[in-house]
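Take a look at the letters that make up each chain.
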Amino acid sequence: MIRVVSLVPSTTETLLAWGVEPVACTRFCEQPALVHVGGTKDPDVAAIVALAPDVVVVCDEENRREDAD
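Reading the values: the criteria
- Residues numbered from 1 in each chain as written.
- Predicted model: local features only at pLDDT ≥ 70, side-chain atom pairs only at ≥ 80, totals over all residues.
- Heavy atoms only, no water.
- Helix = DSSP H or I, 4+ residues; strand = E, 2+ residues; numbered from the N terminus.
- Rg over C-alpha atoms; globule rule 2.2 N^0.38 Å.
- Buried < 20%, exposed > 50% of the residue type's maximum accessible area, 1.4 Å probe, protein only.
- Contact = heavy atoms within 4.5 Å.
- Areas by Shrake-Rupley, 256 points an atom, 1.4 Å probe, with all protein chains shown as cover.
- Lys, Arg positive; Asp, Glu negative; His and termini not counted.
- Charge placed at Lys NZ, Arg CZ, Asp CG, Glu CD.
- 1 Å grid on protein atoms, 1.4 Å probe; cavity = no way out; pocket = protein on both sides within 12 Å on 5 of 7 lines; lining within 4 Å.
- Points joined across faces, edges and corners; volume = space filled by probe spheres on them.
- Nonpolar A, V, L, I, M, F, W, Y, C, P; charged D, E, K, R; others polar.
- Pairing = 2+ DSSP bridges.
- Axes fitted to C-alpha atoms, helices over the stretch in contact; angles between N-to-C directions.

Moving on to the overall build of the chain. Each helix and strand in the chain was counted, giving three helices and four strands. The C-alpha radius of gyration of the chain comes to 11 Å, within 12% of the 11 Å expected for a compact globule of 69 residues. A burial count over the chain gives 35% of its 69 residues as buried. Put simply, of all contacts in the chain between residues at least 6 apart along the chain, 38% involve residues at least 24 apart. When the accessible surface of the chain is split by element, carbon and sulfur atoms take 54% of a total near 4300 Å². Within the chain, the 12 negative side-chain charges are centred at a point lying 4 Å from the centre of the 5 positive side-chain charges.

What follows covers unusual backbone geometry. Phi angles above zero are rare outside glycine, and A52 is one such case at about 50 degrees. Following the sequence through the fold, A52 ends up in the loop between helix 2 (45–50) and strand 4 (55–57).

What follows concerns the layout of surface pockets. The calculated volume of the largest pocket comes to roughly 170 Å³. As for the largest pocket, its lining consists of L7, P43, V45, I48, V49, P53, V56, V58, D67 and A68. Contributions of two or more residues to the lining of the largest pocket are made by helix 2 and helix 3 (65–68). Broken down by element, the lining of the largest pocket gets its largest block of residues, three residues, from helix 2. Considering only residue class, the lining of the largest pocket consists of nine nonpolar, no polar and one charged.

Take the sheet that holds strand 1 (residues 4–6) next. Strand order across the open sheet formed by four strands is 3-2-1-4, with parallel pairing between neighbours. The open sheet has two edge strands with one neighbour each: strand 3 (35–36) and strand 4. Direction of pairing for strand 1 relative to strand 2 (residues 24–25): parallel, over a ladder of two bridges. The residue bridging V5 from the neighbouring strand is A24, located in strand 2. This element, helix 1 (residues 9–17), spans strand 1, strand 2 and strand 4 of the sheet and lies at about 140 degrees to strand 1.

Structure follows, in structure tokens:
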């Protein structure tokens, strides 16, 4: 199974609707059962790396380029 971290709240909802449960999301996602790794503008990069995701979903409207890099 693919390990996904979503740093885009609307995408978190889409992933769940598709049957893909992220291993983590932002504190702004309305998913209290998921691990939260900071916000859209201040993600905890070390926590994300520790989760060893296959994919981290970001977008240029919600997230900062330096965090995505």
